[in-house]
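Structural features, examined
Below, each chain spelled out in residue letters.
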Amino acid sequence: MKVDVLLGLQWGDEGKGKIVDVLTPKYDIIARFQGGPNAGHTLEFEGVKHVLHTIPSGIFHEGVINLIGNGVVIDPVIFREELRKLEPFNIDIRSRLVISKKAHLILPTHRLLDAASEAAKGKNKIGSTLKGIGPTYMDKTGRNGLRVGDIFSPNFREKYDALVDKHRQMLDRYDGFEYDLSELEPNWMEALESIRALEAVDSEHYLNNAMLNGKKVLAEGAQGTMLDIDFGTYPFVTSSNTVTAGTCTGLGIAPNRIGNVIGIFKAYCTRVGSGPFPTELEDETGEAIRKEGHEFGATTGRPRRCGWIDLPALKYAIMINGVTELSMMKADVLSIFKEINVCTHYIINGEKYDYFPYDVNDVEVTPVYESLPGWNQDLTQLSDFEDSPEELKAYVTYLEQKLQVPIKVVSVGPDRKQTLHNKALA
Ligand code: GDP
Ligand code: IMO
Ligand code: MG
């Protein structure tokens, strides 16, 4: 058995959570491989909207194990809150959720360091979610971090205090940054109980044994390819590998065990936080997309920047990830337009580019568009792709030709049911 991978191809918030939930019945295990509570994955069914941050998006399905991998960073306080929000749904969490002993912990001081660093950067700030992601991954690679396995150790408090001492010295270097740990710390220590109550596993063994026993695994990514620490629009990125390779390091899956790679993209483009976004629309068209698509962050509530679909960026993401099939999300949002623009390439300093140059942050990138007829009608009631308007089918075929990967799913609303399977390809 191979591991299928599902991940975002743009700047996050593509609709990964929804599709993981739709696909979960086909799998035995859903495993998150990176990121942390910077993620907000939304699922909607039976009239209820759920937002998950750390917990994999298969949690609502009986008989499926959800695994938080070693590549993930966990804030116990946010994690406990996520578990509390699941309480009304009578899910036997202990039988469905396991955590890698090697996943790193976000300390209250990591969040403070994130805030201090962003404040110090001023107008050059990354626009981080302020969840402590960067500082936690820095401690991981700096070999100072605390891991889930450490909380079971008798000298955990010692290790914690040593790391906090280091953080305090760092925080003292930020002029005028004030903080108070007196409430944050006991609350964090208490929240660790919600992790202790669950099964902590050697997740690389757990997953590889499960595969040997014929279990099907879906790896769930967070963020998106253009936010990848190596291949995204650095430095305006997150601090982990969001790409397929992140599955290998974030779960302990060998490269030759990777199966299908499902790339999720919106029929247009959004970004939250700072950094280059060539097709951004800072006008009434962008505003119309934001309004129609409810483009406000699931984690921070910030308005998302909106623009047309960007084929050079998508092609790049498909290449880096080895994408084998695509899901196109939020097609219904484009129903408001008579014409839809698609960016086919960029002009930079008078030259044609079909990829992001190294200095993308410093040069002016002019997107060049091809215009396609819109469908301009409601899609949200559709249940069969075959019944969709010809213009939507033409849009899908056009993208498939440009991207050279089949679009197997077209999503026409946030609900689980508003998902069209392109049967010609399924
Ligand atoms: P994720 O981080 O990739 O899981 O995506 P988010 O949950 O942050 O953002 C996607 C948003 O779009 C959520 O509010 C979803 O409920 C919503 N959504 C997902 N698919 C569709 C769709 O096809 N149409 C519409 N209108 N909304 C969708
Ligand atoms: P999901 O999984 C969209 C963005 C932040 C910021 C940059 C760095 O829901 O798609 P960080 O807090 O990671 O240091 O922030 O990355 N960002 C996301 N944008 N969706 C996400 O996750 C994101 N996670 C981080 O806005 O620009
Ligand atoms: Mg999100």
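Just above, that's the structure.
Residues numbered from 1 in each chain as written. Chains lettered and ligands numbered in written order. Predicted model: local features only at pLDDT ≥ 70, side-chain atom pairs only at ≥ 80, totals over all residues. Heavy atoms only, no water.

Things to note about the overall build of the chain
Counting its secondary structure elements, the chain contains twelve helices and 20 strands. Its C-alpha radius of gyration of 21 Å places the chain within 12% of the 22 Å reference for a compact globule of 426 residues. In terms of principal-axis extent, the alpha carbons of the chain reach across some 65 × 50 × 40 Å. With 426 residues in all, the chain has 57% of them scored as buried. Long-range pairs, those at least 24 residues apart, make up 77% of the contacts in the chain between residues at least 6 apart in sequence. For the chain, the exposed surface amounts to about 18300 Å²; the carbon and sulfur share of it is 49%. Computing the positive centroid from 47 side-chain charges and the negative centroid from 59, the chain places the two 4 Å apart. (Helix = DSSP H or I, 4+ residues; strand = E, 2+ residues; numbered from the N terminus. Rg over C-alpha atoms; globule rule 2.2 N^0.38 Å. Buried < 20%, exposed > 50% of the residue type's maximum accessible area, 1.4 Å probe, protein only. Contact = heavy atoms within 4.5 Å. Areas by Shrake-Rupley, 256 points an atom, 1.4 Å probe, with all protein chains shown as cover. Lys, Arg positive; Asp, Glu negative; His and termini not counted. Charge placed at Lys NZ, Arg CZ, Asp CG, Glu CD.)

Details of the site of ligand 2
The environment of ligand 2 is formed by 21 residues, the closest being Asp13, Lys16, His41, Thr129 and Thr238. Residue glutamine 223 places a main-chain N or O atom 2.8 Å away from an oxygen atom belonging to ligand 2. Threonine 238 places a polar side-chain atom, nitrogen or oxygen, 2.6 Å from an oxygen atom of ligand 2. Here ligand 2, which alone exposes 550 Å², has 97% of that area covered by the protein. Classifying every residue of the shell around ligand 2 gives eight nonpolar, ten polar and three charged. (Near = heavy atom within 4 Å. Polar contact = N/O pair within 3.5 Å; in protein donor to acceptor, adjacent residues only side chain to side chain. Nonpolar A, V, L, I, M, F, W, Y, C, P; charged D, E, K, R; others polar.)

Comments concerning the coordination of the magnesium ion (ligand 3)
Protein coordination at the magnesium ion (ligand 3): the donors are Asp13 (OD) and Gly40 (O), at 2.0 to 2.2 Å from the metal. A residue pair is termed long-range when its members are at least 10 positions apart, and aspartate 13 in the loop between strand E1 (3-8) and helix H1 (16-23) and glycine 40 in the loop between strand E2 (29-32) and strand E3 (41-45) qualify at 27 residues. (Donors = N, O, S within 2.8 Å, 3.2 Å for Na, K, Ca; no water.)

Quick notes on the site of ligand 1
In the vicinity of ligand 1, 19 residues are found, and the nearest of them are Lys16, Gly40, Thr42, Asp332 and Ser411. Between ligand 1 and arginine 304, the relevant distance is 3.3 Å, taken from an oxygen atom to a side-chain nitrogen or oxygen of the residue. One nitrogen or oxygen atom from the main chain of glycine 413 is found 3.1 Å from an oxygen atom belonging to ligand 1. For ligand 1, the protein covers 94% of the area, taking 590 Å² as the surface of the free molecule. Those elements giving two or more residues to the shell around ligand 1 turn out to be H1 and E3. By residue number, the principal contributor to the shell around ligand 1 is H1, which donates three residues. Broken down by class, the residue content of the shell around ligand 1 amounts to five nonpolar, seven polar and seven charged.

Here we look at unusual backbone geometry
Note that the residue after tyrosine 234, namely proline 235, is joined by a cis bond; omega there is 5 degrees. Here proline 235 is to be found in the loop between strand E10 (217-220) and helix H9 (245-251). One non-glycine residue with positive phi stands out, namely lysine 330, at about 60 degrees. Along the chain, lysine 330 falls in the loop between strand E15 (325-329) and strand E16 (339-348). Here asparagine 349, not a glycine, exhibits a phi torsion of approximately 50 degrees, which is positive. Inspection of the secondary structure puts asparagine 349 in the loop between E16 and strand E17 (351-353).

A short note on the environment of leucine 113
Along the chain, the position of leucine 113 falls in helix H4 (residues 108-121). Expressed as a C-alpha distance, the spacing of leucine 113 and alanine 191, which sit 78 residues apart in the sequence, is 20 Å. Setting aside its immediate chain neighbours within four residues, leucine 113 contacts Pro135, His167, Met170, Leu171 and Tyr174.

Looking at the packing of aromatic side chains
One pass over the structure, following the stated rule, counts twelve aromatic pairs. Taking the centre distance of 5.2 Å and the plane angle of 70 degrees together, the rings of phenylalanine 45 and phenylalanine 60 count as edge-to-face. Of this pair, phenylalanine 45 sits in strand E3 while phenylalanine 60 sits in the loop between strand E4 (48-52) and strand E5 (65-68), placing them 15 residues apart in sequence. When sorted by exposure, phenylalanine 45 lands in the same class as phenylalanine 60, which is buried. Three or more aromatic residues joined by ring pairs form one cluster here, namely Trp11, Phe277, Tyr346 and Phe356. Above the face of the tyrosine 27 ring, lysine 216 is positioned so that its terminal group lies 5.2 Å from the ring centre. Its end group placed over the ring of phenylalanine 45, arginine 416 keeps NZ or CZ at 3.7 Å from the ring centre. (Phe/Tyr/Trp six-rings, centres within 6.5 Å; stacked < 30°, edge-to-face > 60°. Lys NZ or Arg CZ within 6 Å of the ring centre and 35° of its normal.)

A few points about the state of the cysteines
Across all of its chains, the model carries zero disulfides by this definition. Not engaged in a disulfide, the cysteine cysteine 306 finds its nearest cysteine sulfur in cysteine 269; these two sulfurs lie 9.4 Å apart. (Disulfide = S-S within 2.5 Å.)

Topic: the side chain of arginine 271
Note that arginine 271 resides in strand E12 (residues 269-271). For the buried arginine 271, no salt bridge exists, and the shortest N-O distance to an oppositely charged side chain is 8.0 Å, to glutamate 280. Among the polar contacts listed, one links the side chain of arginine 271 to the backbone oxygen of phenylalanine 236, at a separation of 2.7 Å. Of note is the side chain of arginine 271, whose polar atom sits 3.0 Å from the backbone oxygen of serine 274. (Salt bridge = Lys/Arg side-chain N within 4 Å of Asp/Glu carboxyl O.)

Structural notes on the nonpolar core
Across soluble globular proteins, nonpolar side chains show a tendency to be buried alongside one another. If you look at the biggest cluster of nonpolar residues, it comprises 58 residues, and the most contacted ones within it are Met328, Tyr395, Leu399 and Val410. Take this core: its biggest share by element is six residues, from helix H12 (residues 390-403). With residues up to four places along the chain from it excluded, the contact list for tyrosine 395 reads Ala267, Ile309, Met328, Leu334, Ile340, Val342, Leu372 and Trp375. (Core = buried A, V, L, I, M, F, W, Y, C linked by side-chain atoms within 4.5 Å.)

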